[in-house]
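The residues making up each chain are set out below.
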There are 2 protein chains.
Amino acid sequence: MISYRSLRVALLGGGSVGAQVARALLEDGDELSQRVGARLELVGIAVRDVDAPRSVDLPRELFTTDVDRLILGADVVVELMGGIEPARTHVLKALASGADVVTGNKALLATHGPELFAAAEQVGAQLYYEAAVGGAIPIIRPLRESLAGDRIVRILGIVNGTTNYILDRMDTEGGALEDVLADAQRLGLAEADPTADVDGYDAAQKAAILASLAFHTDVPVEAVHREGMRTVTAAQIASAARSGHVVKLLAICERLTDDDGRDGVSVRVYPAMVSRTHPLAAVHGANNAVFVEAEAAGSLMFYGAGAGGVETSSAVLGDLVSLARRHVVGGPGLAESKHADLPVLDIGQVTTRYAVTLEVKDEPGVLAGIAGVFAQHGVSVETLQQSVVTTSSAGLATAVLVIGTHAARESALAATVADLEAHRVVVGVASVLRVEGA
Amino acid sequence: MISYRSLRVALLGGGSVGAQVARALLEDGDELSQRVGARLELVGIAVRDVDAPRSVDLPRELFTTDVDRLILGADVVVELMGGIEPARTHVLKALASGADVVTGNKALLATHGPELFAAAEQVGAQLYYEAAVGGAIPIIRPLRESLAGDRIVRILGIVNGTTNYILDRMDTEGGALEDVLADAQRLGLAEADPTADVDGYDAAQKAAILASLAFHTDVPVEAVHREGMRTVTAAQIASAARSGHVVKLLAICERLTDDDGRDGVSVRVYPAMVSRTHPLAAVHGANNAVFVEAEAAGSLMFYGAGAGGVETSSAVLGDLVSLARRHVVGGPGLAESKHADLPVLDIGQVTTRYAVTLEVKDEPGVLAGIAGVFAQHGVSVETLQQSVVTTSSAGLATAVLVIGTHAARESALAATVADLEAHRVVVGVASVLRVEGA
């Protein structure tokens, strides 16, 4: 049974976040116990190598490789190992033993969330995961509790600090992606293998978690349409800037109605243009921000540091204190609600605005021809800008056209782009960027 | 005893927020009960005049003037009357009867918070108040729960939409306060009597609530240093713009050490300059934002619509759903923690940066004289800018000096300003603005 005077906390993982959580439990124990009404007792830290160097000086006797034994002797298990296995096995074991679980494992939640929540509900245990999305920024709890009486319409998230840092620097300095990425790696802001960040995998996992929560529906990460920002060029960013926009890698979750009138959700990650007047454009460096549109609350934004050992430990500790308080005053707390069970619609069903950049032959009738292709697919043009005409050494005069559309169906825009690529007067399609947050 | 199948909700007040909460409970009852696990049953709305016109069409039979009877027949009482009495009496009656209370009443909390929290704790009832600060923006719950494992260092809040709207328009249009205020009143964004907003009373109440929560200390509204924005001129705003700043009415709560080395808190409201690169500068119109600096989490910002019937109802419903869920699964939830019990330091102890604008005689030795006054009081000058010299018809040549200081103690700066006003070469002190968020 739970003792009301002290809660035994087991840590799985001694990495950057785990070490900071351990430090806080050891150094701030008195303050925390005053807030909780009971002591949070760190009973052990399970790691692969008890002798490995740690970012924080911690008592060696706390470290162990015997995960199973540690779990069985804990009231709360904090999983900060990352990765899917063996984290999943350990979390299920912890829940089955009746322990509550606090995790920051976005990969695990994005792929096995439903299984874990079901396991928790079965035994009446709590599963908290504020640290999984947005680092230090409270976003899970606001969505789960504060907005629980509202209806979420749309979420636009900058949820990956590495790519926001890169895009922000490309915007302020005008540099090429490869150069800024190399610099970011040198500064420790990007991994040696940056695939998870640059190709949008990290953002897609977080998008799946946010969408599941916001729409009371299971959204597995496989259902998330994912495009990374590896193809974003300095030219695209400069062009966006000329029209008063920045380019951000966005995680977008929204309610939609499909062509048959059924309610569904769209969950996607891609680089998109955002107006400089939008609050998301003011998110610089490696910061994150989640912009939420709710029916009653209107537009809200949650902003802060999206990552970092110390920062993320704040989210873990918040979950721990919440858990502990409930143990003190009694009662198991919250279960997940996935009752809405909405279908996840594919990208073709998405409606948004687009900025299409074409290189075209400079001859009479070109604009009419181009406009005709858009009209043919029902895509309404809002702005059309032609920039300076250049003439090649062979005498071919070309111009660059930037077309901004009104809201259009993705499938219609894709068909438009295909026809443009094949059009006689089009030399090439230089860029297609979605424009979000309007 | 609480029935686990339905929770009886009583509304006190049928104004803009109350009407929206009632509408949501009636129209979205099914959705809400799926999220909660039990039905939220609106058992009545207590008002002064059952026949008064309402912003929403609601069944007449729900309205009553018999507050006491309504309270006794409820599991949760939602107090949206505003004002201190009779709201305080009704809330205490509700808590004494064992009902939980959800309120949006900042005036009541800022003046009688401790009494109400003690009453709630005594009977094991819950008192939630997300709607009291920041309208729809989740800020109370993040401070109370998500950051409960962290230590708050400072809060900078734009918590009054009316004054932010006015200052924002003055910044973008260059207009005078009186004109923009009159326009805001015409648009319903400012009251006929704008004192509560313009003179900072509303912001001061919210500052007291935020500080109490952030520092686990009772901060009564009387302890809040309050300056309104009535004295902000178009000239000050233009001058701020020239140095890359905007002027915002800020609610500031921070931990300080006083001159004797004791820990304390400073809570104050005043118009201040904020760099345009600061996230708070991107808060436009009538929006609110609360910028939180925490030891582990670093800088966070919560942004959204600070007011409005529909928007604020979102915060009330979030509290209701949270409350109801706990009733369903058992357990009374959270108590306030005010164990830190820190002293509230007066404004003289505050350290911040200042922008001082002087009109001075244009003669040799003036700069040295001015600099000397600052040095005398230990206030370090960071920037000094002299603008164009003008000569009056009488032949007196004067110049405008804008002095930016490094961080300085308020008491030292006040003494400096007093000496400057009396100084032979100073024609007048045109402006003293604090510079925050650096």
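Residues numbered from 1 in each chain as written. Chains lettered and ligands numbered in written order. Predicted model: local features only at pLDDT ≥ 70, side-chain atom pairs only at ≥ 80, totals over all residues. Heavy atoms only, no water.

As annotated in an unreviewed UniProt entry, chain A carries the name Homoserine dehydrogenase and is attributed to Orlajensenia flava. Entered under Cofactor (unreviewed entry) in the UniProt record, the comment concerning chain A runs "a metal cation". According to its UniProt record, chain A has this under Function (unreviewed entry): "Catalyzes the conversion of L-aspartate-beta-semialdehyde (L-Asa) to L-homoserine (L-Hse), the third step in the biosynthesis of threonine and methionine from aspartate." (UniProt positions renumbered as here; feature names shortened; annotations may be inferred.)

Novice: What's the story with unusual backbone geometry in this structure? I'm lost.
Specialist: Backbone geometry follows two general trends: most residues other than glycine have a negative phi, and most peptide bonds adopt the trans configuration. All names here are of chain A. For the peptide bond that leads from Glu-85 to Pro-86, omega is 10°, which places it in the cis range. Among the structural elements, Pro-86 can be located in the loop between β4 (76-79) and α4 (87-96). Positive phi, close to 50°, is recorded for His-216, a residue that is not glycine. For His-216, the position within the fold is in the loop between α10 (201-214) and β8 (225-226). According to the relative accessible area criterion, His-216 is buried, its value standing at 8%. (Helix = DSSP H or I, 4+ residues; strand = E, 2+ residues; numbered from the N terminus. Buried < 20%, exposed > 50% of the residue type's maximum accessible area, 1.4 Å probe, protein only.)

Novice: Quick question: what am I supposed to make of the sheet that holds strand β5 (residues 100-103) of chain B here?
Specialist: Strands pair in a sheet through their backbones, by hydrogen bonds, and they do so in one of two ways: parallel or antiparallel. Residue and element names in this part refer to chain B. In spatial order, the strands read β3-β2-β1-β4-β5-β6; together these 6 strands make up an open sheet with parallel pairing. The sheet is open, and its two borders are formed by β3 (63-64) and β6 (127-128), each paired with just one other strand. For strand β4 (residues 76-79) and β5, the ladder comprises 4 bridges, and the chain directions are parallel. In the sheet register, Val-76 faces β5, and the bridge partner there is Asp-100. Taken strand by strand, helix α1 (residues 16-27) contacts β1 (6-12) and β2 (39-46), and its axis lies near 145° from that of β2. (Pairing = 2+ DSSP bridges. Contact = heavy atoms within 4.5 Å. Axes fitted to C-alpha atoms, helices over the stretch in contact; angles between N-to-C directions.)

Novice: Help me understand the UniProt feature "binding site: NADPH" (unreviewed entry) in chain A, please; the structure alone is not making it clear to me.
Specialist: Residues and elements named next belong to chain A. According to UniProt, the positions carrying the feature "binding site: NADPH" (unreviewed entry) are Lys-106. Following the sequence through the fold, Lys-106 ends up in helix α5 (residues 106-123). When neighbours within four sequence positions are excluded, Lys-106 is seen to be in contact with Ala-132, Asp-202, Gln-205, Lys-206 and Ile-209.

Novice: Can you help me understand the pattern of salt bridges in this one?
Specialist: Where charged atoms of side chains with opposite charge meet at close range, the side chains can pair. Residues and elements named next belong to chain B. Throughout the structure, instances matching the rule amount to 56 salt bridges over all chains. The partner of Glu-115 in a salt bridge is Arg-88, and the shortest N-O contact between them spans 2.8 Å. Linking Glu-115 in helix α5 (residues 106-123) with Arg-88 in helix α4 (residues 87-96), this pair joins segments that are 27 residues apart in sequence. Overall, the relative accessible area of 32% leaves Glu-115 in the partly exposed class. Here Arg-424 and Glu-363 are joined by a salt bridge, their closest N and O atoms 2.9 Å apart. Of this pair, Arg-424 sits in the loop between α14 (410-422) and β17 (426-436) while Glu-363 is found in the loop between β13 (351-361) and α13 (366-376), placing the two residues 61 residues apart along the sequence. Its relative accessible area of 55% is what places Arg-424 among the exposed residues. (Salt bridge = Lys/Arg side-chain N within 4 Å of Asp/Glu carboxyl O.)

Novice: Which parts of the structure should I look at to understand the environment of Ala-418 of chain B?
Specialist: Residue and element names in this part refer to chain B. Here Ala-418 is to be found in helix α14. Take Ala-418: its relative accessible area is 38%, and that puts it in the partly exposed class. A C-alpha to C-alpha distance of 64 Å links Ala-418 and Asp-30, two positions 388 residues apart in sequence.

Novice: Could you clarify how one ought to interpret the interface of chain B and chain A in this entry?
Specialist: Interfaces are often sized by the accessible area lost when the parts come together. Facing 51 residues of chain B, the contacting portion of chain A comprises 51 residues. A combined buried area of about 4,200 Å² lies between chain B and chain A, and 54% of that area is made up of carbon and sulfur atoms. Looking only at chain B, the three residues that lose the most surface to chain A are Arg-35, Tyr-303 and Arg-325 of chain B, adding up to 15% of its buried area. Between Arg-141 of chain A and Glu-145 of chain B there is a salt bridge, and its shortest N-O distance comes to 3.0 Å. One can count 17 residue pairs in polar contact (both at pLDDT 80 or more) joining chain B with chain A. Elements with a minimum of two residues in the side of chain B that touches chain A: α2 (29-36), α6 (140-146), β12 (298-305) and α12 (309-329) of chain B. In terms of residues, the side of chain B that touches chain A owes the most to one element, α12 of chain B, which gives 11 residues. Of the residues contributing to the side of chain B that touches chain A, the split by class is 23 nonpolar, 15 polar and 13 charged. Relative to β12 of chain B, strand β12 (residues 298-305) of chain A runs antiparallel, the two sharing 5 bridges. Across the sheet, Leu-300 of chain A pairs through a bridge with Gly-304 of chain B, a residue of β12 of chain B. (Buried area = accessible area lost by both parts, 1.4 Å probe. Polar contact = N/O pair within 3.5 Å; in protein donor to acceptor, adjacent residues only side chain to side chain. Nonpolar A, V, L, I, M, F, W, Y, C, P; charged D, E, K, R; others polar.)

Novice: Please explain the UniProt feature "binding site: NADP(+)" (unreviewed entry) in chain A as it appears in this structure.
Specialist: Residues and elements named next belong to chain A. Mapped onto the present numbering, the UniProt feature "binding site: NADP(+)" (unreviewed entry) falls on Leu-12, Gly-13, Gly-14, Gly-15, Ser-16, Val-17, Gly-18 and Ala-19. Mapped onto the secondary structure, Ser-16 falls in helix α1 (residues 16-27). Of the residues examined, Ser-16 reaches a relative accessible area of 46% and is grouped as partly exposed. Setting aside residues no more than four positions away along its own chain, Ser-16 makes contact with Ser-55 and Gly-309. Within the secondary structure, Ala-19 sits in helix α1. Taking the relative accessible area as the measure of exposure, Ala-19 reaches 1% and is therefore buried.

Novice: What exactly am I supposed to notice about the domain arrangement of chain A here?
Specialist: Segmentation of chain A into domains returns domain 1 (7-132 + 310-329), domain 2 (140-306) and domain 3 (350-436). Taking only C-alpha atoms, the centre of domain 1 of chain A and the centre of domain 3 of chain A are 53 Å apart. (Domains from an automatic or database assignment.)

Novice: Could you clarify how one ought to interpret a nonpolar patch on the surface in this entry?
Specialist: Taken together, the side chains of Leu-367, Val-381 and Leu-384 of chain A define a hydrophobic patch exposed on the protein surface, amounting to about 210 Å² of accessible area. On the basis of relative accessible area, Leu-367 of chain A is assigned to the partly exposed category, the value being 41%. (Patch = residues over 30% accessible without salt bridge, like charges linked within 9 Å, V, L, I, M, F, W, Y side chains within 5 Å. Areas by Shrake-Rupley, 256 points an atom, 1.4 Å probe, with all protein chains shown as cover.)

Novice: Mind showing me how you'd approach the sheet that holds strand β1 (residues 6-12) of chain A here?
Specialist: Residue and element names in this part refer to chain A. Read from one edge to the other, the open sheet built from 6 strands follows the order β3-β2-β1-β4-β5-β6, with strand pairing classed as parallel. Either end of the sheet is taken by a strand with one partner, and the two such strands are β3 (63-64) and β6 (127-128). Pairing analysis gives 2 bridges linking strand β2 (residues 39-46) to β3, with the strands arranged parallel. In the strand pairing of β3, Ile-45 is matched with Phe-63. Sheet strands in contact with α1 are β1 and β2, and its direction is about 145° off that of β2.

Novice: Help me out: how do you make sense of the environment of Val-432 of chain B in this one?
Specialist: Residue and element names in this part refer to chain B. Within the element layout of this structure, Val-432 appears in strand β17. Classification of Val-432 by relative accessible area gives partly exposed; the value is 34%. Taking the C-alpha atoms as reference, Val-432 lies 20 Å from Ser-266; in sequence the two are 166 residues apart. In contact with Val-432, not counting residues within four places along its chain, are Gln-236, Tyr-354, Ala-355, Val-356, Leu-413 and Val-417.

Novice: I tried to follow the packing of α4 of chain B against α5 of chain B on my own but got confused; where do I start?
Specialist: Describing two packed helices takes the angle between their axes plus the distance from one axis to the other. Residue and element names in this part refer to chain B. Interaxial distance between α4 and α5 falls to 9 Å at its minimum, and their mutual angle equals 15°. Taken together, α4 and α5 sit at an angle that is classed as roughly parallel. Where α4 crosses over α5, the two elements pack in a sense that is right-handed. When α4 is examined against α5, the residues Ala-87, Arg-88, Val-91, Leu-92, Leu-95 and Ala-96 are found in contact with a partner set consisting of Leu-108, His-112, Glu-115, Leu-116, Ala-119, Ala-120 and Val-123. Grouping the amino acids of the contact of α4 with α5 by side-chain chemistry returns 10 nonpolar, 1 polar and 2 charged. (Parallel < 35°, antiparallel > 145°, perpendicular 65-115°, else oblique. Left-handed = near helix turned anticlockwise from the far one by under 90°.)

Novice: Help me out: how do you make sense of the pairing of strand β14 (residues 381-391) of chain B in this one?
Specialist: The side chains of a regular strand alternate, first on one face of the sheet and then on the other. Residue and element names in this part refer to chain B. In the sheet, β14 pairs with strand β15 (residues 397-405) via 8 bridges, with the strands oriented antiparallel. Paired with Gln-386 across the two strands is Leu-401, which belongs to β15. With antiparallel pairing between neighbouring strands as the criterion, β14 and β15 make up a hairpin whose turn holds 5 residues, including Gly-395 at a positive phi of roughly 95°.

Novice: What exactly am I supposed to notice about the relation of the copies chain B and chain A here?
Specialist: Superposition of the two copies of the chain requires a rotation about an axis and a shift along the axis. Rotating chain B by 180° and moving it 0.0 Å along the rotation axis overlays it on chain A with an RMSD of 0.1 Å. Here the copies are linked by what is in effect a two-fold axis. Both copies share a contact surface, since 100% of the interface residues of chain B are interface residues in chain A too. (Least-squares fit on C-alpha atoms with pLDDT ≥ 70 in both.)

Novice: Hey, could you run me through the pairing of β13 of chain B in this one?
Specialist: Residues and elements named next belong to chain B. Examined bridge by bridge, β13 and strand β16 (residues 408-409) share 2 bridges and lie antiparallel to one another. Bridge pairing in β16 links Thr-351 to Arg-409. Two strands pair when backbone bridges link them, and β13 and β17 are joined in this way by 8 bridges, in the antiparallel orientation. Along β17, the bridge assignment pairs Ala-355 with Leu-433. The sheet contact formed by β13 and β15 spans 7 bridges and is antiparallel. Note on β15: the bridge partner recorded for Lys-361 is Thr-398.

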